[in-house]
Amino acid sequence: MRNFIVMQGQTYEEEKNLGLIWSPQIDQGGTVPHSWKRMTKVKAGDRVFHFVKGDIVAVSDVKSDCRKANKPSLIEGYDRWDDEGYLVPLKYYHLDKPVNIRENFDSILPLLPIKYSAFQNNGKGNQGYLFPCNEELALKLIELISELNIYQIDKDGLEFSAERVDSPIHNELIHLISETESEVKAKIRLGQRQFRQGLLHLWNSQCALCNIKLPDLLRASHSKPWKDSTNEERLDPYNGLLLCCNHDALYDKGYITFDGNGSLYISPLIGDEDYSNYNISSNMKINYYPQNRAYFKWHKKNQFKSS
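Please read all numbers here as calculations on a predicted model, not as lab measurements.

Draft legend 1. Geometry of the overall build of the protein. Scanning the protein from terminus to terminus reveals 9 helices and 13 strands. C-alpha atoms of the protein, sized along the principal axes, occupy 65 × 60 × 35 Å. A total of 307 residues make up the protein; the buried ones form 48% of that total. Looking at the protein alone, contacts between residues at least 24 apart form 68% of all its contacts between residues at least 6 apart. Surface summary for the protein: the accessible area is close to 16,200 Å², and the carbon and sulfur share equals 47%. Averaging the positions of the 38 positive and the 40 negative side-chain charges in the protein gives two centres separated by 6 Å.

Shown next, in the form of C-alpha cells:
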C-alpha cells in the first residue's frame, strides 16, 4: 500500500461525486509533469489524502489501478486540457472536520521530503496534482484526522473516547483509518527491523564511531532519511551507520557527517570545548564501505548543519 496527496481545487466536489481523480497525460508544452506521471503508480488498495484550499478534506481508498481514460466531460475546469489522461477510481471519505495544514505545520514540516513535497516550507501547497506521501507523513496526517474526526478528549482531558459510532459512514472512516494506520506501521516496523539487521552485520554489532557494543544502546541510523528514500534505499544497509544513541542523535540531526573517505565532519554549531562531552574529535574516521559514499554525500549536502 502506498499513500499519496492530491491537490484539488474547484474540481474537488465533482471528482468526489464521480468517485475519481483524473489528470492529463501531457501538458501544453509537450512534457509530462511528474505529478501527472505519478498517477500511473497508483494501485488498488492505496490511500489518497485530498488537499483543498489549505486543508486535508478527505481520505480515499483506491478501488482499482490507474488506467488511461479520456477526461470526464462533466467536470468544469478540464476544458483547457486534451482528452487523453489518467484516471483512478476511488471511494471518498469526506471529513466532517478538515485538517488545516498551516495550523499543524510544526509537526508536519520535519516529515516532508526534500524532493517532490506536496507542501512548501510555509505550509502552502506546491503546484502540481499528485504527490507522494511517505509513511511517516501518512501517520501524522492520520493522527490529525483521528483527533478531529474520530476521537474527542473527555471532560478531564485524560482519555480519548469514540464519538458518532452510530453513523455507518463514520464507522467506515474508522475502519479505513485503522487499517491504513496498521499497514503503515507494519511497513515501517518491518523495514526498520530488516535495516537494523543489515547494519548489525556490516558494523560487527558495534558503534561505527566509538565501538560501543551494548545492543540496547545501538541505533540503525539512516544517512538518507526514510522520508527522502526510495523503498530500495530505505532497506539498503549501506544507506546508514550503526551508531550509539549519542552519535545517532548527532548524525540524525546533522551535527556530524562524513566525507567520501569516512572522515568525520563536525558542525560549527558545536564548540570545540564541547567535543569531549559528545565523545567526538576532528580526527575521527570510520572504516567505511565504498557503497556508503553516495549516501554520505547526500547526508553532507542535505542534512549537515554547516552554519
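Draft legend 2. Up close: the pairing of strand β6 (residues 84–100). Bridge count between strand β2 (residues 20–24) and β6: 5 bridges; the pairing is antiparallel. Opposite I21, over in β6, you have V88 as the bridge partner. Summarising the sheet, strand β4 (residues 55–62) and β6 pair through 7 bridges and their orientation is antiparallel. What sits directly across from A58, in β6, is H94.

Draft legend 3. The arrangement of the packing of aromatic side chains in detail. In the structure shown here, the tally under the stated rule is 6 aromatic pairs. Plain terms: the ring middles of Y12 and Y92 are 5.8 Å apart, the flat faces sit at 65 degrees to each other, and that makes the pair edge-to-face. Here Y12, found in helix α1 (residues 12–18), pairs with Y92, found in strand β6; they are 80 residues apart in sequence, far enough to count as distant. The class of Y12 is buried, set by a relative accessible area of 4%. Among the aromatic residues, ring-to-ring pairing joins W203, Y238 and Y289 into one connected group. Looking at K300, its charged tip hangs above the ring of Y265, at a distance of 4.6 Å from the centre. Lying over the aromatic face of Y255, K305 brings its terminal NZ or CZ to 5.4 Å of the ring centre.

Draft legend 4. Local environment of a nonpolar patch on the surface. On the surface, I212, L214 and L217 cluster together into a nonpolar patch covering about 230 Å² of accessible area. Inspection of the secondary structure assignment puts L214 in the loop between α5 (168–202) and β10 (218–222).

Draft legend 5. Highlighting helix α7 (residues 245–252). Among the residues of α7, H247, D248, L250 and Y251 are the ones counted as buried. The arc enclosing the buried residues of α7, seen along the axis, measures out at 165 degrees, which places them on a common side. Buried residues belonging to α7 abut β10, β11 (240–244), β12 (256–258), α8 (275–278) and α9 (293–302). Among the residues trailing α7, G254 stands out with phi positive, at a value near 85 degrees.

Draft legend 6. Representation of the state of the cysteines. Overall, the coordinates contain 0 disulfides when judged by the stated rule. Free of any disulfide, C207 has its nearest neighbouring cysteine sulfur in C210, separated by 3.5 Å.

Draft legend 7. Fine view of the environment of Y238. Within the element layout of this structure, Y238 appears in the loop between α6 (231–235) and β11. Counting along the chain gives 55 residues from Y238 to R293, while the straight-line C-alpha distance between them is 8.7 Å. Among all residues touching Y238, those that are not within four sequence positions of it are L202, Y289, Q291, N292 and Y295.

Draft legend 8. Inspection of the side chain of Q25 at higher detail. By secondary structure assignment, the location of Q25 is in the loop between β2 and α2 (34–37). Within the local environment of Q25, its side chain forms a polar contact with the backbone oxygen of G85, the two atoms lying 3.3 Å apart. Ignoring any residue separated from it by four or fewer positions in sequence, one finds Q25 in contact with T31, V32, W36, K68, E84, G85 and Y86.

Draft legend 9. Representation of the pattern of salt bridges in the model. Enumeration according to the criterion identifies 13 salt bridges in this entry. Between R47 and D61 there is a salt bridge, and its shortest N-O distance comes to 2.8 Å. With a gap of 14 residues between them, R47 in strand β3 (residues 47–52) and D61 in strand β4 connect regions that are remote in the sequence. The buried category is assigned to R47, whose relative accessible area is 2%. Judged by its relative accessible area of 14%, D61 is buried. The partner of E135 in a salt bridge is R234, and the shortest N-O contact between them spans 2.8 Å. Within this pair, whereas E135 is found in helix α4 (residues 135–149), its partner R234 is found in helix α6, the two being separated by 99 residues in sequence. One salt-bridge network, in which partners are shared between bridges, spans R47, D61, K63 and E179.

Draft legend 10. Local environment of the pairing of β3. Of all 6 residues in β3, 6 are buried, a share of seventy percent or more. Every second residue of β3 is oriented toward a common face, with R47, F49 and F51 on one face and V48, H50 and V52 on the other, all of them buried. One ladder, built from 6 bridges, connects strand β1 (residues 3–8) with β3; its direction is parallel. Note that in β3 the partner of F4 across the bridge is V48. In the sheet, β3 pairs with β4 via 6 bridges, with the strands oriented antiparallel. The partner of V52 across the bridge, within β4, is D55. Counting the residues that bridge the hairpin from β3 to β4 gives 2 residues, and of these K53 lies at a positive phi of roughly 50 degrees.

Conventions and cut-offs
Residues numbered from 1 in each chain as written. Predicted model: local features only at pLDDT ≥ 70, side-chain atom pairs only at ≥ 80, totals over all residues. Heavy atoms only, no water. Helix = DSSP H or I, 4+ residues; strand = E, 2+ residues; numbered from the N terminus. Buried < 20%, exposed > 50% of the residue type's maximum accessible area, 1.4 Å probe, protein only. Contact = heavy atoms within 4.5 Å. Areas by Shrake-Rupley, 256 points an atom, 1.4 Å probe, with all protein chains shown as cover. Lys, Arg positive; Asp, Glu negative; His and termini not counted. Charge placed at Lys NZ, Arg CZ, Asp CG, Glu CD. Pairing = 2+ DSSP bridges. Phe/Tyr/Trp six-rings, centres within 6.5 Å; stacked < 30°, edge-to-face > 60°. Lys NZ or Arg CZ within 6 Å of the ring centre and 35° of its normal. Patch = residues over 30% accessible without salt bridge, like charges linked within 9 Å, V, L, I, M, F, W, Y side chains within 5 Å. Salt bridge = Lys/Arg side-chain N within 4 Å of Asp/Glu carboxyl O. Arc of directions from axis to C-beta. Disulfide = S-S within 2.5 Å. Polar contact = N/O pair within 3.5 Å; in protein donor to acceptor, adjacent residues only side chain to side chain.

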